[in-house]
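What follows is each chain in one-letter form.
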Amino acid sequence: MATLFLRNSPFPQLYFPKSFPSFPSTIRIRPLTSAKIGGSVTTEQFYERKEADVDVKKKIFVAGATGNTGKRVVEQLLSKGFSVKAGVRDLEKAKTSLSTDKSSLQIVQADVTESSTKLAEAIGDDSDAVICATGFRPGWDLTAPWRVDNFGTVNLVEACRKLGVNRFILISSILVNGAAMGQLFNPAYIFLNVFGLTLVAKLQAEQHIRKSGINYTIIRPGGLRNDPPTGNVVLEPEDTLYEGTISRDQVAEVAVECLVHPESYFKVVEIVSRVDAPKRSYKDLFGSIKQS
Ligand SMILES: NC(=O)c1ccc[n+]([C@@H]2O[C@H](COP(=O)([O-])OP(=O)(O)OC[C@H]3O[C@@H](n4cnc5c(N)ncnc54)[C@H](OP(=O)(O)O)[C@@H]3O)[C@@H](O)[C@H]2O)c1
């Protein structure tokens, strides 16, 4: 029986180089064809990798920046020399949960359930990439997962497309495709879908991203823990892992490493940590994933 740990999480923990001043690979976009995505006509795009522009510090927009993982993403980005635009629902909350004294941190109001046009204003024309660490907050509204984890993420992607922001990193979840991987009766799969089809909502958003043409990395962590890492990161291809946990510090680290490793481009990766796993470089970890 799969064991996904249920601790401090919305699904009540139900589950489950010193500095990186640069953002690799300038990406050039060449429109190719039009396609219909999520009811709107969009343009498929072609991305071409170029050499890393190693001397340029980049600004990263973090959606869900006051969340348990989001704030760790913000902290790690800042410590590695990135500028951060933190997208938050509640500006007052952000004052207490983020280090507001840093000049490289800007905080902006951004509710992902609002329109992509409004989100585009928040992201602005100075963001080079978006990391999405949002997740619905549990409550009585059973539509919240669909509105936040599906439509909200789609809104963010569409905002990026409007702006020409061509790098999108999503923190999703293992088991989103549980039905297809024979985990229909996994208790975590059932629990997370009973309350608002959470995993189905996340999978819908993932599918939108993958069709959008944007340069994505979808990170699917196992059950999230607030405590510091106890093991090494295990990174596997999509639809592989159905149990296990990982420290939010490591999830944030993987998200930030995606920015500097082209080996992560256009990939879905699943992550947990294990004490007996060997320590591997991120280049090696991302490079080992062969995305079909
Ligand atoms: N918990 C687990 O074990 C687990 C396992 C695998 C994957 N995940 C996924 O990993 C991601 C991060 O999880 P977490 O536990 O670190 O998240 P979290 O602490 O619950 O934070 C969620 C963030 O999303 C924000 N948010 C909610 N609705 C929003 C909206 N309409 N517009 C903008 N922001 C909104 C919240 O804002 P406020 O701060 O204003 O509330 C918060 O900052 C989530 O997608 C989660 O589903 C979780």
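The sections below set out a description of the structure shown in this document.

Rules and cut-offs
Residues numbered from 1 in each chain as written. Predicted model: local features only at pLDDT ≥ 70, side-chain atom pairs only at ≥ 80, totals over all residues. Helix = DSSP H or I, 4+ residues; strand = E, 2+ residues; numbered from the N terminus. Expected span 1.5 Å × (residues − 1). Buried ≥ 20, exposed ≤ 12 C-beta atoms within 10 Å, placed from the backbone. Pairing = 2+ DSSP bridges. Axes fitted to C-alpha atoms, helices over the stretch in contact; angles between N-to-C directions. Contact = placed C-beta atoms within 7 Å. Parallel < 35°, antiparallel > 145°, perpendicular 65-115°, else oblique. Left-handed = near helix turned anticlockwise from the far one by under 90°. Nonpolar A, V, L, I, M, F, W, Y, C, P; charged D, E, K, R; others polar. Core = buried A, V, L, I, M, F, W, Y, C linked by C-beta atoms within 7 Å. Right-handed = clockwise from strand over helix to strand, strands pointing away.

Here helix α6 (residues 198-212) is 15 residues long and its end C-alpha atoms lie 21 Å apart, about the 21 Å a rise of 1.5 Å per residue gives. Inspection of α6 places Thr 198, Leu 199, Val 200, Ala 201, Lys 202, Leu 203, Ala 205, Glu 206, Ile 209 and Ser 212 among the buried residues, and these make up the whole buried set.

What follows is about the sheet that holds strand β7 (residues 167-171). Strands sit in the order β5-β4-β3-β6-β7-β8-β12-β10 across an open sheet of 8 strands; the sheet is mixed. Looking at the sheet topology across the chains shown, the edges are occupied by β5 (105-109) and β10 (232-237). Neighbour-to-neighbour, the strand axes of the sheet open up by a mean angle of 20 degrees, direction not taken into account. Docked against the sheet, helix α7 (residues 248-260) engages β3 (59-63), β6 (129-132), β7, β8 (215-221), β10 and β12 (267-274), running at close to 165 degrees with respect to β8.

Across the interface, helix α4 (residues 144-163) lies against α6 with an axial gap of 7 Å and an inter-helix angle of 15 degrees. Judged by the inter-axis angle, α4 sits roughly parallel to α6. As for how α4 packs across α6, the hand of that crossing is right-handed. Facing Pro 145, Trp 146, Asp 149, Asn 150, Thr 153, Val 154, Val 157 and Arg 161 of α4, the residues of α6 in contact are Thr 198, Ala 201, Lys 202, Gln 204, Ala 205, His 208, Ile 209 and Ser 212. Of the residues contributing to the contact of α4 with α6, the split by class is 7 nonpolar, 6 polar and 3 charged.

This part takes up the nonpolar core. Membership of the largest hydrophobic core comes to 76 residues, with the highest contact counts inside it found for Val 62, Val 130, Ile 131, Ile 219, Ala 255 and Ile 271. A total of 8 residues in this core trace back to one element, the largest contributor, which is α7. Discounting chain neighbours no more than four positions away, the residues touching Ile 271 are Ile 219, Pro 221, Val 233, Val 234, Leu 235, Ile 246, Val 251 and Val 254.

What follows deals with the pairing of β7. Among the 5 residues that make up β7, 5 are buried, leaving the element largely enclosed by the rest of the structure. The alternating pattern of β7 places Arg 167, Ile 169 and Ile 171 on one face and Phe 168 and Leu 170 on the opposite face, and all of these are buried. As paired elements, β6 and β7 share 3 bridges and run parallel to each other. Within the sheet, the bridge partner assigned to Val 130 lies in β7 and is Phe 168. Viewed along the sheet, the connection from β6 through α4 into β7 turns out right-handed.

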